[in-house]
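Observations on the model geometry
The lines below spell out each chain.
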Amino acid sequence: MTRPFLPEAPSDAAGASATILVIDDSATIRSAAAKILGEAGYRVVVAENGFEALAKIADCLPALIVCDIVMPRLDGYRTCALIKASAAHHATPVLMLSSKEGLFDRARGAMAGASACLAKPLAREALLEAVRLHLARHFE
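The written sequence of each chain sets the order in which its residues are numbered from 1. In keeping with the model being predicted, local features are shown solely for residues with a pLDDT of at least 70 and side-chain atom pairs are shown and tallied solely at 80 or more, while totals for entire chains, interfaces and linings include all residues. Excluded from the side-chain calculation are hydrogens and water; included are all heavy atoms of the structure.

Here's the deal with the confidence of the model for the chain
- Confidence scores per residue from the predictor, reported as pLDDT, run from 0 to 100. Summary statistics for the chain give a mean pLDDT of 87 and a share of 86% for residues scoring 70 or more.
- The contact criterion used is simple: two residues touch if any of their non-hydrogen atoms lie within 4.5 Å. This model gives residues 1-14 a pLDDT under 50, and the stretch forms 16 contacts once residues within four places in sequence are excluded.

Encoded structure:
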């Protein structure tokens, strides 16, 4: 069985080995996203929650962030809003992960500053396509 064709990881200086911060309270989702993105050539940093992500963001300087919406203590909307309020990271694309594909989640994510909203469970092709699209826009 062959895998569907996917463009290769970015080879230009801006996108090559770009760091992606994955924030999710589910170890399964963090692991799956890290595997998919790592195999595509990205450097992946994971965080279990919004507070951990905010502590790591200055050190890892992500080119893109993938953030779950439903997390305890500091949900994805607030995490995204705090990242976007930061002078250092306001331009960093944030892709929200939602277990629901509702218009409400997309609208609330957009209000928090998210670039896009992806549905769970993660589909490899959809994740990679969204990452490539938003990294390309970010580095234009």
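The rest of the description comes next.
Topic: the environment of Leu61
- Tracing the chain through its elements places Leu61 in the loop between α2 (50-60) and β3 (64-68).
- On a C-alpha basis, the gap between Leu61 and Leu21 in space is 8.6 Å, while along the polypeptide they are 40 residues apart.
- If we ignore the near neighbours within four places in the chain, the residues touching Leu61 are Thr19 and His89. Helix and strand assignments come from DSSP, with helices taken as H or I runs of at least 4 residues and strands as E runs of at least 2, each series counted from the N terminus.

Describing helix α5 (residues 124-138)
- Take the residue count of a helix, subtract one, and multiply by 1.5 Å to get its expected span. Between its first and last C-alpha, α5 extends 21 Å over 15 residues, near the 21 Å set by a 1.5 Å rise per residue.
- Classification of residues uses two cut-offs on accessible area relative to the type maximum, computed with a 1.4 Å probe and protein chains only: under 20% is buried, over 50% is exposed, and between them is partly exposed. Three or more residues of α5 are buried, namely Leu127, Leu128, Ala130, Val131, Arg132, His134 and Leu135.
- Each element contacted by the buried residues of α5 is listed here: β1 (19-23), α1 (27-39), β3, β4 (94-98) and β5 (116-119).

Regarding helix α3 (residues 76-85)
- Residues Gly76, Tyr77, Thr79, Cys80 and Ile83 constitute the buried set of α3. The buried residues of α3 occupy an angular sector of 165° when projected down its axis, which confines them to one face.
- Against the buried residues of α3 lie β1, α2, β3, β4 and α4 (103-112).
- The term polar contact refers here to a pair of N or O atoms within 3.5 Å; inside protein, the definition further demands a hydrogen-donor-capable atom paired with an acceptor-capable atom, and it admits residues adjacent in sequence only when both atoms are side-chain atoms. You can read the cap of α3 off the contacts: a side-chain oxygen lies 3.2 Å from the backbone nitrogen of Tyr77, and it is on Asp75. By definition, the arc is the one covered by directions from the helix axis to the C-beta atoms.

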